[in-house]
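The primary structure of each chain is shown beneath.
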Amino acid sequence: MRRFFSTMLLMLFAACGSLWAQQDVTSTYLTNAGFGSGSAATANAAWGSNNTATNVAGWTGTASGWHSSAVFTYGSSYGLRDNGEPAKTLPPTSGPSGTNGRCLGLVAAWAGGTMYYSQAVTLPAGDYTLKVYVYNTGSDHSEFTRFGWYPSSGTAVTIATPTATGSWQTLSTTFTLAASTNGNLQIGYVSNGNSGVTNHAHLFIDRIELLWTDPALAPTKRNLDGMVKKAEALNTVLGNSALASLITTIKGKTYTTVAAVNTDAAALEAYFPSET
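Values in this document were obtained by computation on a predicted structure and should not be read as measured data.

(A) Examining the overall build of the protein more closely. Assigned secondary structure in the protein consists of 6 helices and 12 strands. Taking 276 residues into account, the globule formula puts the C-alpha radius of gyration at 19 Å, and the protein, at 25 Å, lies well above it. Scored against the burial criterion, the 276 residues of the protein give a buried share of 46%. If you take every contact in the protein between residues at least 6 apart in sequence, the share linking residues at least 24 apart comes to 80%. For the protein, the exposed area adds up to about 12,300 Å²; of that, 52% sits on carbon and sulfur atoms. Looking at charge distribution, the protein has the averaged site of its 14 positive side-chain charges lying 6 Å from that of its 14 negative ones.

Listed below in structure tokens is the structure:
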């Protein structure tokens, strides 16, 4: 019977050159994360004090006080808040690398101005990175953020709203879940201060990305690293070119799933002599 693991393998894993990385699970848990679904604005987005958010496919909008929002095509002649101040209200002419050509624009002002969007999700245990690609065409004013992960119970993990203007920025944060957890991923803000709209951020969001590390990946990968060390020692005797090639391939890989690790572990194990 072949033994899959041994104490020696676990002790030697650090010397192996292969890596593991987070897996992009955006499409698994989020709908319309890049705002390519549904329609883009065919007129300027309204500027008003009602409690109705512009409909965005897949997202739930929350709005109150003075606010404006819409999905725009890059370079559009339509803008936020009736395009009353084109330098601030028009979307950027182009998006960051990876864009699908659209962005979500939003702005809020005066006391209680609120404009954010959310999606309810259930996330499995693991380590997460949340990224948001944002362009601020407005003020460098710091707002009350609604960017982040908001679990149904417990403490939210948030990202500060961008204060830099005139360029694309990648906002990011990390969080760890010990078990499957219900919550919301949110983007947007609540107005900070009772001041006019000229003094507030005008944000255009290209997309949201969610990356995940399976908690089983690290120990499984350590076991594979140990098997590689064992295979290298074995091949000093065998001189098997196919095994040498497999070892080189494994050491050059970056793994994102347990299944991929197990596939290569099984391939290595086939070269090991039976142990009784």
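(B) Structural view of the packing of aromatic side chains. Inspection of every chain in the model, using the stated rule, returns 7 aromatic pairs. Relative to Trp168, the ring of Tyr74 lies with its centre 5.9 Å away and its plane at 85°, an arrangement referred to as edge-to-face. Of this pair, Tyr74 sits in the loop between strand S3 (60–73) and helix H3 (86–89) while Trp168 sits in strand S9 (residues 168–177), and the two are 94 residues apart along the sequence. A relative accessible area of 11% means that Tyr74 is categorised as buried. A centroid spacing of 5.3 Å and a plane angle of 75° characterise the contact between Tyr135 and Trp168, whose relative ring orientation is edge-to-face. You can see Tyr135 sitting in strand S5 (residues 126–136) and its partner Trp168 sitting in strand S9, a full 33 residues away along the chain. For Trp168, a relative accessible area of 23% corresponds to the partly exposed category. An aromatic cluster is built from Tyr74, Tyr135 and Trp168, whose rings are joined through pairwise contacts. Across the ring face of Tyr133, the terminal group of Arg207 is positioned such that the distance to the ring centre comes to 3.9 Å.

(C) Structural detail: the pairing of S9. Side chains Gln169, Leu171, Thr173, Phe175 and Leu177 of S9 all project onto a buried face; the interleaved residues Trp168, Thr170, Ser172, Thr174 and Thr176 project onto a face where none is buried. As defined by bridge partners, S5 adjoins S9 across 10 bridges and the pair is classed as antiparallel. Residue pairing for S9: Leu130 is matched across the bridge by Thr173.

Rules and cut-offs
- Residues numbered from 1 in each chain as written.
- Predicted model: local features only at pLDDT ≥ 70, side-chain atom pairs only at ≥ 80, totals over all residues.
- Heavy atoms only, no water.
- Helix = DSSP H or I, 4+ residues; strand = E, 2+ residues; numbered from the N terminus.
- Rg over C-alpha atoms; globule rule 2.2 N^0.38 Å.
- Buried < 20%, exposed > 50% of the residue type's maximum accessible area, 1.4 Å probe, protein only.
- Contact = heavy atoms within 4.5 Å.
- Areas by Shrake-Rupley, 256 points an atom, 1.4 Å probe, with all protein chains shown as cover.
- Lys, Arg positive; Asp, Glu negative; His and termini not counted.
- Charge placed at Lys NZ, Arg CZ, Asp CG, Glu CD.
- Phe/Tyr/Trp six-rings, centres within 6.5 Å; stacked < 30°, edge-to-face > 60°.
- Lys NZ or Arg CZ within 6 Å of the ring centre and 35° of its normal.
- Pairing = 2+ DSSP bridges.

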